[in-house]
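As a plain string of letters, each chain reads:
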Amino acid sequence: MAQDSRVRDRMNLEELLRQQDVDLCALEPAPATLNRHEQRLRILRMPPWPCSVCGEPSATARPYDNLEQGPRWVDLCWDHALLTRPPALKMPTTVEGLFADMRKLAAEFGLTMRDMTADEFEDTARRARKRHEES
């Protein structure tokens, strides 16, 4: 099964900023103490702030405290935010682990699972649309 290009290894925020060579001086100063209301307003701003890493519209915002520059706002798109989120306890951390858990659950219900190519999926969707239109 081909891995989605958006699925990458997890890393912490500091690693991401260092790996992507983000200029911390260019990030807006953040408050020294986290104010949830201010954080929520930043996240809900329209238009959204650009992702500090890739420039796409951000979905999250959090302060990052750097000893040299002090606290700075780091706005992240969904992909970069998920990349830096720790996995939930007892949850699979890889696509393969997720599918293994799903297969186990399907077996408990007497179902089977198999990988499906994009072409097979599109063909199935096309047939379903046709049946719907005919009914």
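Worth saying up front: this structure is predicted, and the values here are computed from it rather than measured.

Caption draft 1: Region of the structure containing the overall build of the protein chain. Within the protein chain one finds 5 helices and 2 strands. The linear arrangement of helices and strands in the protein chain, starting from the amino end, is α-α-β-β-α-α-α. Put simply, the protein chain has 135 residues, and 25% of those count as buried. Taking the intrachain contacts of the protein chain between residues at least 6 apart in sequence as the baseline, contacts between residues at least 24 apart amount to 51%. Accessible surface, the protein chain: about 10400 Å² in total, of which carbon and sulfur atoms supply 55%.

Caption draft 2: Local environment of the confidence of the model for the protein chain. Averaged over every residue, the pLDDT of the protein chain is 86; residues scoring 70 or more account for 93%. Mean pLDDT values over the elements of the protein chain span from 87, in helix α4 (residues 95–108), up to 95, in strand β2 (residues 70–76). Low pLDDT, under 50, characterises residues 1–7; the stretch is placed with 5 contacts to residues that sit more than four places away or in other chains.

Caption draft 3: Spatial organisation of the packing of aromatic side chains. Tallied over the full model, the rule gives 0 aromatic pairs. In this structure, Arg 45 packs its charged tip against the face of Trp 49, placed 4.1 Å from the ring centre.

Caption draft 4: Main features of a nonpolar patch on the surface. On the surface, Leu 105, Phe 109 and Leu 111 cluster together into a nonpolar patch covering about 360 Å² of accessible area. Turning to its location among the elements, Leu 105 is positioned in helix α4. Classification of Leu 105 as partly exposed rests on a relative accessible area of 47%.

Caption draft 5: How the structure looks around unusual backbone geometry. Cis geometry is adopted by the peptide bond preceding Pro 47, which originates at Met 46 and carries an omega value of -10°. Checked against the element boundaries, Pro 47 lands in the loop between α2 (36–44) and β1 (60–66). Backbone geometry at Asp 21 places phi at a positive 55°, although glycine is not the residue there. Within the secondary structure layout, Asp 21 lies in the loop between α1 (13–19) and α2. Overall, the relative accessible area of 68% leaves Asp 21 in the exposed class.

Caption draft 6: Just the pattern of salt bridges, in detail. Under the definition given, this model contains 5 salt bridges. With its nearest N and O atoms 2.5 Å apart, the salt bridge here joins Arg 127 to Asp 123. Of this pair, Arg 127 and Asp 123 both sit in helix α5 (residues 118–134), 4 residues apart, which is roughly one turn of the helix. When its relative accessible area of 33% is taken as the criterion, Asp 123 is described as partly exposed. What you see here is one network of salt bridges that share partners, running through Glu 28, Arg 42 and Asp 75.

Caption draft 7: Just the side chain of Arg 42, in detail. Summarising the element assignment, Arg 42 is placed in helix α2. A polar side-chain atom of Arg 42 sits 2.9 Å from a polar atom in the side chain of Asp 75. If we skip the residues at most four places from it in the chain, Arg 42 touches Glu 28, Trp 49, Ala 61, Trp 73 and Asp 75.

Caption draft 8: Expanded view of the side chain of Thr 84. Counting through the fold element by element, Thr 84 comes out in the loop between α3 (78–83) and α4. A distance of 2.4 Å separates the side chain of Thr 84 from the side chain of Arg 62, its partner in a polar contact. When residues no more than four places from it in sequence are discounted, the contact partners of Thr 84 are Met 11, Asn 12, Leu 13, Leu 16, Arg 62 and Leu 76.

Each value, and the rule that gives it
Residue numbers restart at each chain and count upward from 1, following the sequence in its written direction. Confidence filtering applies because this is a predicted model: local features only for residues at pLDDT of at least 70, side-chain atom pairs given and counted only at 80 or more, and all residues used for totals across whole chains, interfaces and linings. Side-chain numbers come from the whole structure's heavy atoms, not from hydrogens or water. A run of H or I in DSSP counts as a helix once it spans at least four residues, and a run of E counts as a strand once it spans at least two, with each numbered from the N terminus. Only protein chains enter the area calculation, which uses a 1.4 Å probe; residues under 20% of their type maximum are buried, those over 50% are exposed, and those in between are partly exposed. Contacts are assigned to residue pairs with any non-hydrogen atoms lying within 4.5 Å of each other. The accessible surface values rely on the Shrake-Rupley method and a 1.4 Å probe; as for residues, cover is taken only from the protein chains in view. Think of pLDDT as the predictor's per-residue confidence, scored from 0 to 100. Centre distance within 6.5 Å is the pairing criterion for rings of Phe, Tyr and Trp, where only the six-membered ring of Trp is used; planes under 30 degrees apart are then read as stacked, over 60 as edge-to-face, and the remainder as tilted. The rule for a charge over a ring is simple: NZ of Lys or CZ of Arg within 6 Å of the ring centre, and within 35 degrees of the ring normal. Note on patches: the residues involved have over 30% relative accessible area and no salt bridge, like charges join within 9 Å, and the nonpolar side chains Val, Leu, Ile, Met, Phe, Trp and Tyr join within 5 Å. Any carboxyl oxygen of Asp or Glu within 4 Å of a side-chain nitrogen of Lys or Arg constitutes a salt bridge here. Any pair of N or O atoms that falls within 3.5 Å is considered a polar contact. Within protein, one atom must be able to donate a hydrogen and the other to accept it, and sequence-neighbouring residues count only if both atoms are side-chain atoms.

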